[in-house]
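In case you want the letters, here they are:
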Amino acid sequence: MPQQNLGFLFFGILLVSFNLRPSITAVGPLIPLIREDLGLSNGWAGFLTTLPLLTFATFSLFAAGIGKRLGLARAIFLALFVLLVGSIWRVSGGKLSLFLGTGLTGIGIVICNVLLIPLIKKRMPGKLGLVTASYTTGMSLFAAIGSGISAPLATDWSWGWRGSLLFWVGLLIVGLAVWFPQISFDNEKSPTTTTQSPKVNVWKSRLAWNVCLFMGVQSMLYFTIIAWLPDMLVARGYSLGRAGLILSLMQVVGLLGSFFAPMLAVRFRDQVGMVIGIGLMYLLGFSSLLSTTAFINYAGLTLAGLGLGASVSLAYTMIGLRTDSEQSTTALSGMVQSTGYYMAALGPVLFGIAFDVFGDWNLLIGLMLACSVLYIYFGTKSGKSELI
């Protein structure tokens, strides 16, 4: 078997990560154009943005089995191909094609999401922190790029919403080409183990459930604040453009947390202290929204943004740190991401219902503070130096 080129593998992982968010984040700014062109109701337009989360949550449960049957690298290649087919299909016809294609893109993305963590741990165990940091930061960076350029491509460049979404197919083709050679290394033994590890049922593990709820709380917090913060700021007198800019800056600051958190996490025997530190960032950051002073809001949301980036990459790193075999890492990754995305999908909806009933934006602040406390609680349970 040929020698594995770790530099080329690292480059391939980065390219895969670049492809895992733009097909989702590029849709939001294009919703008005899609709605007008296809005659979608507001309800169906909203479902278009929720569909990927529901797809992620459901198919996370099947990703581990697919990876075991095909091999991790081969399954990731297949998932990228499914993402490519879905990306083309959703712009090729009417409403049905749009929703079916979007569903396929979600399936492709979540299989990559689940299987990349165990692949990194298997093939680059000594670089778990650095590679996970690069992978999660790459996802976040291209998520922001996808949001930022989709509308200009559609309107300023006159590509329309279909051309704007099709733009990302080029990056997918490059990703497939670079990843293809990794398939030949699928049968290579993990450097971390030479014997077959006993099978572990993660669904019966208390530690696994703590990691799941840790991921779930941070996912609910993230997607709820992303969905509702601009509306709350507009209600307080900010312009729509200014509110959107604040949200964008939060995500840009989050890139720093996303990159450095995994590299710090692997240096410590446990991650309890990191969890408490990020939780305090949340508590201070979201508490700043109780003030009506703009500077305090900016400073607090900058702190919260740093925490948002750090928490998601720490959650991914925790999957690798709490397991000792490829099988248990893959199983935990699927379980954790399924739980996380279901909670992520519920958060914005539940707050929307509560706001319809009570009409009080302080509920959003209260929810964020409550999630911050739960984040610390489940994080301290998950961060202890134990294995599933």
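Residues numbered from 1 in each chain as written. Predicted model: local features only at pLDDT ≥ 70, side-chain atom pairs only at ≥ 80, totals over all residues. Heavy atoms only, no water.

**Things to note about helix α5 (residues 72–89)**
Alright, step 1. Over its 18 residues, α5 extends 26 Å from the first C-alpha to the last, a length consistent with the 26 Å expected when each residue adds 1.5 Å.
Alright, step 2. Three or more residues of α5 are buried, namely Leu72, Ala73, Ala75, Ile76, Ala79, Leu80, Leu83, Leu84, Gly86 and Ser87. (Helix = DSSP H or I, 4+ residues; strand = E, 2+ residues; numbered from the N terminus. Expected span 1.5 Å × (residues − 1). Buried < 20%, exposed > 50% of the residue type's maximum accessible area, 1.4 Å probe, protein only.)

**Thoughts on the packing of aromatic side chains**
Alright, step 1. Scanning the model with the defined rule gives 23 aromatic pairs in all.
Alright, step 2. Ring plane angle 90° and centroid distance 5.7 Å describe the contact between Trp157 and Trp159, whose orientation is recorded as edge-to-face.
Alright, step 3. Given a relative accessible area of 56%, Trp157 falls into the exposed group.
Alright, step 4. Take Trp159: its relative accessible area is 37%, and that puts it in the partly exposed class.
Alright, step 5. Ring centres of Tyr377 and Phe378 lie 5.1 Å apart, and the angle between their planes is 75°; on these two criteria the pair is classed as edge-to-face.
Alright, step 6. Given the relative accessible area of 45%, Tyr377 is considered partly exposed.
Alright, step 7. For Phe378, a relative accessible area of 15% translates into the label buried. (Phe/Tyr/Trp six-rings, centres within 6.5 Å; stacked < 30°, edge-to-face > 60°.)

**What about unusual backbone geometry?**
Alright, step 1. One non-glycine residue with positive phi stands out, namely Ser158, at about 60°.
Alright, step 2. On the basis of relative accessibility, which here comes to 61%, the residue Ser158 falls in the exposed class.

**A few points about the side chain of Thr102**
Alright, step 1. As for its position among the elements, Thr102 is in helix α6 (residues 95–123).
Alright, step 2. Beyond its immediate chain neighbours, meaning those up to four positions away, Thr102 contacts Leu48, Leu51, Pro52 and Arg90. (Contact = heavy atoms within 4.5 Å.)

**Overview of the pattern of salt bridges**
Alright, step 1. Applying the stated criterion across every chain, the model contains 4 salt bridges.
Alright, step 2. Of the charged contacts in the structure, one is a salt bridge between Glu326 and Lys122, with a shortest N-O distance of 3.4 Å. Taken together, the residues Glu326 in helix α14 (residues 326–358) and Lys122 in helix α6 connect sequence positions 204 residues apart.
Alright, step 3. Between Asp186 and Arg123 there is a salt bridge, with its nearest N and O atoms 3.4 Å apart. With a gap of 63 residues between them, Asp186 in the loop between α9 (169–179) and α10 (206–235) and Arg123 in helix α6 connect regions that are remote in the sequence.
Alright, step 4. Overall, Asp186 belongs to the buried group, its relative accessible area being 9%. (Salt bridge = Lys/Arg side-chain N within 4 Å of Asp/Glu carboxyl O.)

**Some thoughts on the packing of α10 against α14**
Alright, step 1. Remark: α10 packs on α14, axes separated minimally by 7 Å, with the N-to-C direction vectors making an angle of 35°. Crossing hand, α10 versus α14: right-handed.
Alright, step 2. Among the residues forming the contact of α10 with α14, the class breakdown is 18 nonpolar, 7 polar and no charged. (Axes fitted to C-alpha atoms, helices over the stretch in contact; angles between N-to-C directions. Left-handed = near helix turned anticlockwise from the far one by under 90°. Nonpolar A, V, L, I, M, F, W, Y, C, P; charged D, E, K, R; others polar.)

**Digging into a nonpolar patch on the surface**
Alright, step 1. Judged by side-chain polarity, Leu346, Val349, Leu350, Ile353, Val357, Phe358 and Leu363 come together as a nonpolar surface patch covering roughly 670 Å² of accessible area.
Alright, step 2. Counting residues per element, the nonpolar patch draws most heavily on α14, which supplies 6 residues.
Alright, step 3. Counting through the fold element by element, Leu363 comes out in helix α15 (residues 362–382). (Patch = residues over 30% accessible without salt bridge, like charges linked within 9 Å, V, L, I, M, F, W, Y side chains within 5 Å. Areas by Shrake-Rupley, 256 points an atom, 1.4 Å probe, with all protein chains shown as cover.)

**Examining the domain arrangement of the protein chain**
Alright, step 1. Parsing the protein chain into structural domains produces domain 1 (1–185) and domain 2 (205–387).
Alright, step 2. Each of domain 1 and domain 2 has a C-alpha centre, and the two are 22 Å apart.
Alright, step 3. Listed by partner, the interface residues are 29 residues for domain 1 and 27 residues for domain 2.
Alright, step 4. The contact between domain 1 and domain 2 buries some 2400 Å² in all, and 72% of this surface belongs to carbon and sulfur atoms.
Alright, step 5. Taken as a group, Leu53, Ile117 and Lys121 account for 21% of the area that domain 1 buries against domain 2, more than any other trio of residues on that side. (Domains from an automatic or database assignment. Buried area = accessible area lost by both parts, 1.4 Å probe.)

**Here we look at the nonpolar core**
Alright, step 1. Core analysis: the biggest nonpolar cluster contains 89 residues, and Ile13, Tyr135, Trp179, Leu229 and Leu314 have the highest contact counts within it.
Alright, step 2. Both domain 1 (1–185) and domain 2 (205–387) contribute no fewer than three residues apiece to this core.
Alright, step 3. Residues within four places of Tyr135 in sequence aside, it is in contact with Ile13, Leu14, Ser17, Leu20, Asn113, Leu116, Ile117, Ile120 and Tyr316.
Alright, step 4. With 22 residues, the next largest nonpolar core counts Phe18, Ala26, Ile34 and Leu38 among its residues. (Core = buried A, V, L, I, M, F, W, Y, C linked by side-chain atoms within 4.5 Å.)

**Some thoughts on the environment of Arg206**
Alright, step 1. One can find Arg206 in helix α10.
Alright, step 2. Exposure remark for Arg206: the relative accessible area of 71% places this residue in the exposed category.
Alright, step 3. A sequence separation of 32 residues divides Arg206 from Tyr238, and the C-alpha atoms of the two residues are 45 Å apart.

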